[in-house]
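Observations on the model geometry
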Amino acid sequence: MAVFVCGQHRTDYGHILLTSDNILHPPEKVTNTPSRGDGITAEDERDIKIVGCELIQSSGLLLKLPQVAMATAQIIFHRFYLVKSLVNHNYEHLAMAAIFLAAKIEEHPRRVRDVIKLFSTTFDK
């Protein structure tokens with residue numbers, strides 16, 4: 001049931017309440033990431049995340065995954081780095097794990113061997 005409350009569209013799904021205030025992460029969580037605490041600048045963090053998302057997109061195309069699986073992998077990638085640092089976790093390894101997990105979530109699974117082989121032969125140059 002959709003309701004318009006206090007200038008916002010509010011949808012009630014049983015016990016879960018979705019509004020425009022609670023579907024995104026708070027700005028302080030996005031700006032104060034663990035990577036920034038480890039000394040990575042905002043620009044460098046953004047650039048690494050862009051490269052990671054491009055890696056996910058190109059690997060998804062090569063694995064012939066639907067766009068929704070690639071988008072899911074990119075969301076997993078971004079959410080991981082909201083709680084973990086780029087210093088401690090290699091973005092290429094995370095991109096590989098995210099594409100594998102997203103393919104399973106979206107019911108287009110690929111063998112782990114195929115994902116590893118793709119990344120090792122195509123992107124390790």
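Conventions adopted
Residues numbered from 1 in each chain as written. Predicted model: local features only at pLDDT ≥ 70, side-chain atom pairs only at ≥ 80, totals over all residues. Heavy atoms only, no water. Helix = DSSP H or I, 4+ residues; strand = E, 2+ residues; numbered from the N terminus. Expected span 1.5 Å × (residues − 1). Buried < 20%, exposed > 50% of the residue type's maximum accessible area, 1.4 Å probe, protein only. Contact = heavy atoms within 4.5 Å. Polar contact = N/O pair within 3.5 Å; in protein donor to acceptor, adjacent residues only side chain to side chain. Salt bridge = Lys/Arg side-chain N within 4 Å of Asp/Glu carboxyl O. Axes fitted to C-alpha atoms, helices over the stretch in contact; angles between N-to-C directions. Parallel < 35°, antiparallel > 145°, perpendicular 65-115°, else oblique. Left-handed = near helix turned anticlockwise from the far one by under 90°. Nonpolar A, V, L, I, M, F, W, Y, C, P; charged D, E, K, R; others polar. pLDDT = per-residue confidence, 0-100.

Structural notes on helix α5 (residues 91-105)
Residues spaced three or four apart along an α-helix point in a common direction, a consequence of the helix completing one turn every 3.6 residues. Here α5 is 15 residues long and its end C-alpha atoms lie 20 Å apart, about the 21 Å a rise of 1.5 Å per residue gives. Listed in full, the buried residues belonging to α5 are Leu94, Ala95, Met96, Ala98, Ile99, Ala102 and Ala103. Lining the buried residues of α5 we find α3 (42-62), α4 (67-83) and α6 (112-123). Two or three places before Glu92, at the opening of α5, Asn90 has a side-chain oxygen 2.7 Å from that residue's backbone nitrogen. Glu107 occupies a position one or two residues after α5 and carries a positive phi of about 60°.

Concerning the pattern of salt bridges
Considering all chains together, one arrives at four salt bridges under this definition. Between Arg36 and Glu45 there is a salt bridge whose closest N-O contact spans 2.9 Å. Given a relative accessible area of 30%, Arg36 falls into the partly exposed group. One salt bridge connects Asp47 with Arg46, and the closest N-O pair in it is separated by 3.1 Å. Asp47 gets classed as partly exposed once you look at its relative accessible area, which sits at 36%. Taken together, the shared-partner salt bridges in this structure form one network comprising Arg36, Glu45 and Lys49.

Observations concerning the packing of α4 against α5
Following both chains from N to C, one finds α4 and α5 inclined at 130°, their axes separated by 8 Å at the closest point. Judged on the interaxial angle alone, α5 and α4 are oblique. Crossing angle aside, the handedness with which α4 passes α5 is right-handed. Along the contact surface, α4 presents Ala69, Met70, Thr72, Ala73, Ile76, Phe77, Phe80 and Tyr81, while α5 presents Tyr91, Leu94, Ala95, Ala98, Ile99, Leu101, Ala102 and Ile105. Of the residues assigned to the contact of α4 with α5, the class counts are 15 nonpolar, one polar and no charged.

Brief notes about the confidence of the model for the chain
Model confidence for the chain is summarised by a mean pLDDT of 82, while 76% of its residues fall at 70 or above. Element-level mean pLDDT values for the chain span from 48 in strand β1 (residues 2-5) up to 93 in α5. Within the model, pLDDT remains below 50 along residues 1-5, and this stretch shows ten contacts once partners closer than five positions in the same chain are excluded.

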